[in-house]
Amino acid sequence: MTELRLFTQGIVYTPSERWAPGAVLVRGSRIVDVGPAAAFTSVRNAEIIDLQGAVLTPGLVDIHMHGLHGHDVMGPDLPRVAHLLPRYGVTSFVPTTLTFPWDEVLRRLEEMTAAWDRVEGGAEALGIHIEGPHLSPKRPGMANASWTRPLTLEDVDTLQRVTGGRVRMITFAPEETDAVRLLPYLRAQGILPVIGHSDATFRQVGPWVDLGLHMATHTFNAMRGLHHREPGVVGAVLYYDDIVAQLIADGHHVHPAVMDLLIRVKGPDRVALISDAAPLAGSPPGEYMWGSYRVVVDGETVRLPDGTLAGAHALLDTGLRTMIRTLLLPPETALIMACRTPARALGLPKGEIRPGFDADLVVWDETWRPTQVYVKGRPVYTRE
Ligand SMILES: [Zn+2]
């Protein structure tokens, strides 16, 4: 018999709707129904979870993250990462690569793939996000520019072979590639083409949108900026509705006023909050190695010794709080960007409390910190 669970007497964000007091009925791994608590009083044979006025939302979906607490997704530590993420309200994620020499990227991906089946009891890994080495050498961010290479059809095939077909997103600089052949090829394989670390001009981007380009990696960071006579990649992300803009919302990568501008222009259905968490995310201040990159953690950021930001120190729950507390956005808007928009971009039944969707749920305290987390209906985290 599949167990029935009723979460009731909470403030429920679906996230586009708010029910207070609201209730969510779950059977096994799926959501059955959601609505005002009064509509569920006749439910029988369910385990009742009384939320006592706490906030209940879908789990956060982080489609761009590299690791945390010293664990790198690019290798055997993937299960550790999955296990640690729920304490930050993250119930599913897309583990993301970093630029290394090609052979090393493939070797690390083999290790990640071998570890995949050991992911158990934590956040769900949704597929792999390749972010490097297919970057513009002119916009490498923290990456060693000499290790970048243009993305080719052959590289796509190699990546899918090495990972058992787990690649779901590729961030690349289309101007370095045969984009006219590559973009439809990626779409046909169910891989989301993501422009990023790109020095393309505004004029170049439009035709790529027509060919299936659908997202931009960490908008504003490591891409050609906006000039009023040459709008660049940033201008194209703002201009084209079909491009979903990833945004690192840690408060360090993008100024709050610019984050606010982006959200006002694109709307929450076209902005996906990401953490871009480095494997040193959440680690105490000090000097560390991220693979072969030396990085410095100061408690709020992760940087190369020259000051270049090297991924983020914060996880996605910090991004959510930044939206609510610094930008003063309604929780509905912030949650749409942290849950629904990224899940929709991947075409997955997640990121919303909606009948038939995965029961990935987070209970929050009044300061927007997670207290209980469920992945596909299973309790995976309870705060001490
Ligand atoms: Zn990244």
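The structure we're discussing is the one just above.
Report on the accompanying structure. (Residues numbered from 1 in each chain as written. Predicted model: local features only at pLDDT ≥ 70, side-chain atom pairs only at ≥ 80, totals over all residues. Heavy atoms only, no water.)

In this section: the pattern of salt bridges. When the charged atoms of two side chains with opposite charge come close together, those side chains can pair. Taken as a whole and judged by the stated rule, the model has 24 salt bridges. Across the pair Glu3 and Arg5 runs a salt bridge whose closest N-O atoms are separated by 3.5 Å. The exposure class assigned to Glu3 is partly exposed, which follows from its relative accessible area of 45%. Given the relative accessible area of 9%, Arg5 is considered buried. As a salt-bridge pair, Asp155 and Arg149 come within 2.9 Å of each other at their nearest N and O atoms. Residue Asp155 is classed as buried on the basis of its relative accessible area, which comes to 4%. Linked by salt bridges that have partners in common, Arg30, Glu124, Lys350, Asp358, Asp360 and Lys376 make up one network. (Salt bridge = Lys/Arg side-chain N within 4 Å of Asp/Glu carboxyl O. Buried < 20%, exposed > 50% of the residue type's maximum accessible area, 1.4 Å probe, protein only.)

Let us look at the environment of His313. With respect to the helices and strands, His313 occurs in the loop between β20 (309-312) and α8 (316-326). C-alpha of His313 to C-alpha of Thr326: the two residues are 13 residues apart in sequence and 18 Å apart in space. Leave out the neighbours within four places in its chain, and His313 touches Leu280, Ala281, Gly282, Ser283, Val297, Gly299, Glu300, Thr301 and Val302. One polar contact links the side chain of His313 to the main-chain carbonyl oxygen of Ser283, over a distance of 2.8 Å. Engagement of the side chain of His313 in a polar contact is seen with the backbone oxygen of Gly299, the distance being 3.2 Å. (Helix = DSSP H or I, 4+ residues; strand = E, 2+ residues; numbered from the N terminus. Contact = heavy atoms within 4.5 Å. Polar contact = N/O pair within 3.5 Å; in protein donor to acceptor, adjacent residues only side chain to side chain.)

Summarising the metal site, the zinc ion is bound by the protein donors His64 (NE2), His66 (NE2), Glu131 (OE) and Asp276 (OD), whose distances to it range over 2.0 to 2.3 Å. Take Glu131: its relative accessible area is 6%, and that puts it in the buried class. (Donors = N, O, S within 2.8 Å, 3.2 Å for Na, K, Ca; no water.)

To continue, consider the sheet that holds strand β11 (residues 128-131). With respect to topology, six strands assemble into an open sheet ordered β11-β12-β13-β14-β15-β16, the strand pairing being parallel. Edge positions in the sheet fall to β11 and β16 (271-274), since each has one partner strand and no second. Two strands pair when backbone bridges link them, and strand β15 (residues 244-248) and β16 are joined in this way by four bridges, in the parallel orientation. Looking across to β16, one finds that Ala245 is bridged to Val271. (Pairing = 2+ DSSP bridges.)

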